[in-house]
Amino acid sequence: MNDIQTAFTDFSGMLKNALGEKLNPSAESFIDMVAQDGVMEFPYAPEGAVTKIEGSEALAKYLSSVSEVISIGEISKPIVHHTLDPNVVIIEFECAGLGLKTGRTYNQRYISVITLKNGKIQKYVDYWNPIIALNAIGDLSSLAQRAGDKK
């Protein structure tokens, strides 16, 4: 298994633990966890970057693009916040990685608001620091508008 597969396997495992019984137990990968019409949003994405991805197929394509510019080495154990809505979970976690083209560190902290429906992730809102991302990857040309961004 290469570093990218390992990173996404670690991320998927972290999500399975964080979401527990709310998630369909047969979902093995992050893409398996997301509903076919699921949405992922990046509210803090800088100008020119992808801000919204609709559908698991577009998400898989986007994650492939990310794997070309960032290598994730470690993912922390999440802090899980359950909300008054049983279908919404908030998780906080960190990762340590490296920008593949720049060699600069990518040590990011995330807060993710996840909405589930029928055991699948229907909406995943990913809050992260764009300054850390820009420093690690150098520029946005490799990620801009590559996943069918719906601004």
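Remember, predicted model here, so these are calculated numbers, not experimental data.

Caption draft 1: Region of the structure containing the overall build of the protein chain. On a plain count of helices and strands, the protein chain comes out with four helices and seven strands. Looking at the protein chain as a whole, 44% of its 151 residues are labelled buried. For the protein chain, contacts bridging at least 24 residues in sequence account for 56% of all contacts bridging at least 6. Accessible surface for the protein chain amounts to roughly 8,100 Å². Of this, 52% is attributable to carbon and sulfur atoms.

Caption draft 2: Structural context of helix H3 (residues 56-67). When the terminal C-alpha atoms of H3 are compared, their 16 Å separation across twelve residues agrees well with the 16 Å that a helix rising 1.5 Å per residue should span. All buried positions along H3 are accounted for by Ser56, Ala58, Leu59, Tyr62, Leu63, Ser65, Val66 and Ser67.

Caption draft 3: Spotlight on helix H4 (residues 130-137). Pro130, Ala133, Ala136 and Ile137 are the residues of H4 that are buried. The buried residues of H4 occupy an angular sector of 130 degrees when projected down its axis, which confines them to one face. Among the residues of H4, the N-terminal cap falls to Asn129, whose side-chain oxygen and the backbone nitrogen of Ile131 are separated by 2.8 Å. Residue Gly138 follows H4 closely and has a positive phi angle near 90 degrees.

Caption draft 4: Spatial organisation of the side chain of Ser67. Summarising the element assignment, Ser67 is placed in helix H3. Look at Ser67 and you get buried, because its relative accessible area is 14%. A polar contact of 2.7 Å, which involves the side chain of Ser67, links it to the backbone oxygen of Ser64.

Caption draft 5: Region of the structure containing the nonpolar core. Judged by nonpolar contacts, the single largest core of 38 residues is most densely connected at Leu15, Phe30, Ile91, Ile121 and Tyr124. With residues near it in sequence (within four places) discarded, Leu15 still touches Gly20, Phe30, Met33, Ile91, Ile114, Ile121 and Tyr124.

Caption draft 6: Here's a closer look at the packing of aromatic side chains. Considering all chains together, one arrives at eight aromatic pairs under this definition. Relative to Phe93, the ring of Phe11 lies with its centre 5.9 Å away and its plane at 50 degrees, an arrangement referred to as tilted. On the criterion of sequence distance, the pair formed by Phe11 in helix H1 (residues 3-19) and Phe93 in strand S5 (residues 88-99) is long-range, its members being 82 residues apart. A relative accessible area of 4% means that Phe93 is categorised as buried. On the numbers, 5.7 Å between centres and 80 degrees between planes, the contact of Phe30 with Tyr124 is edge-to-face. Residue Phe30 is found in helix H2 (residues 30-33), and its partner Tyr124 is found in strand S7 (residues 120-127); the two are separated by 94 residues along the sequence. Exposure remark for Phe30: the relative accessible area of 4% places this residue in the buried category. Taken together, Phe11, Phe30, Phe93, Tyr110 and Tyr124 form an aromatic cluster joined through their ring pairs.

What counts and how
- Residues numbered from 1 in each chain as written.
- Predicted model: local features only at pLDDT ≥ 70, side-chain atom pairs only at ≥ 80, totals over all residues.
- Heavy atoms only, no water.
- Helix = DSSP H or I, 4+ residues; strand = E, 2+ residues; numbered from the N terminus.
- Buried < 20%, exposed > 50% of the residue type's maximum accessible area, 1.4 Å probe, protein only.
- Contact = heavy atoms within 4.5 Å.
- Areas by Shrake-Rupley, 256 points an atom, 1.4 Å probe, with all protein chains shown as cover.
- Expected span 1.5 Å × (residues − 1).
- Arc of directions from axis to C-beta.
- Polar contact = N/O pair within 3.5 Å; in protein donor to acceptor, adjacent residues only side chain to side chain.
- Core = buried A, V, L, I, M, F, W, Y, C linked by side-chain atoms within 4.5 Å.
- Phe/Tyr/Trp six-rings, centres within 6.5 Å; stacked < 30°, edge-to-face > 60°.

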